[in-house]
Amino acid sequence: MRIGFHFVAAAILLLTACGDDRREERLRAAGPNPSLDALLQVADADAGARKFGVCAGCHKASKGAPDFGGPNLYGVFGQPMGQHSGRFGYTAALVEAGGRWDAPTLDAWIANPRKLVPGTNMQFAGIGDPLDRADIIAFLKRQSD
Ligand code: HEC
């Protein structure tokens, strides 16, 4: 089973390298059944930048970047929903939702956009992992003036 062993060892090394965001350590620090606030205390914007990869097919999040399938998200943190990009054609559902992109709203949106705003056309199933969402929120918060 030499080949098998080497294969498994290589796979474990690869997983460790990809998942090196101090996840377990951060979750321990956040405590059992952590609230969103507790997760945001341990959130990591750099890890969030990597996890933003699942959004990047539709969104940029850098200053002056254009809209793609979705609006540029630079500076969206704290802004009213559906108004941040003057050029983007938002759905009426999002514009009329009337909320603001604070951390709890972003958390609910990233978990399940269509549950937060029925009628949105953001075609995204959602991210189930609360720490992954907190990391992405920390990244979006950082991407602003
Ligand atoms: C398949 C394309 C697609 C993907 C993937 C996607 N989005 Fe979107 N996103 C959209 C579209 C389209 C809208 C506009 C929705 C509307 O008008 O109802 C939007 C809107 C948003 C808004 C509201 C912006 C504003 O100006 O009000 C936020 C915040 C957002 N997306 C975050 C994310 C994040 C974070 C991810 C990844 C976890 C993500 N999106 C993944 C297409 C996408």
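Residues numbered from 1 in each chain as written. Predicted model: local features only at pLDDT ≥ 70, side-chain atom pairs only at ≥ 80, totals over all residues. Heavy atoms only, no water.

The chain carries the name C-type cytochrome in an unreviewed UniProt entry, which gives Sphingobium limneticum as its organism.

Counting residues in hydrophobic clusters, the biggest one holds 22 residues, and the most contacted among them are Phe52, Leu94, Trp101 and Leu140. Secondary-structure elements contributing two or more residues to this core are α6 (103-111) and α8 (130-142). In this structure Leu140 touches Phe52, Ala61, Leu73, Phe77 and Leu106, once residues within four positions along its chain are discounted. Grouped together as the second largest cluster of nonpolar side chains are 5 residues, Ala30, Val42, Leu131 and Ala134 included. (Core = buried A, V, L, I, M, F, W, Y, C linked by side-chain atoms within 4.5 Å. Buried < 20%, exposed > 50% of the residue type's maximum accessible area, 1.4 Å probe, protein only. Helix = DSSP H or I, 4+ residues; strand = E, 2+ residues; numbered from the N terminus. Contact = heavy atoms within 4.5 Å.)

The next subject is the layout of surface pockets. Size it by volume and the largest pocket reaches roughly 510 Å³. Taken together, 28 residues form the lining of the largest pocket, with His59, Gly70, Pro71, Trp109 and Met122 sitting closest to its centre. Every element with two or more residues in the lining of the largest pocket is listed here: α6 and α8. Residue contributions to the lining of the largest pocket peak at 3 residues, all from α6. Looking at the lining of the largest pocket, its residues break down into 18 nonpolar, 10 polar and no charged. (1 Å grid on protein atoms, 1.4 Å probe; cavity = no way out; pocket = protein on both sides within 12 Å on 5 of 7 lines; lining within 4 Å. Points joined across faces, edges and corners; volume = space filled by probe spheres on them. Nonpolar A, V, L, I, M, F, W, Y, C, P; charged D, E, K, R; others polar.)

One pass over the full model with this rule turns up 12 salt bridges. A salt bridge links Arg133 to Asp107; the shortest N-O distance between them is 2.8 Å. Taken together, the residues span a long stretch of sequence, with Arg133 in helix α8 and Asp107 in helix α6 at a distance of 26 residues. Take Asp107: its relative accessible area is 13%, and that puts it in the buried class. Each of the salt bridges in this network shares a partner with another, and the network as a whole consists of Asp21, Arg23, Arg26, Lys51, Asp129, Asp132 and Asp135. (Salt bridge = Lys/Arg side-chain N within 4 Å of Asp/Glu carboxyl O.)

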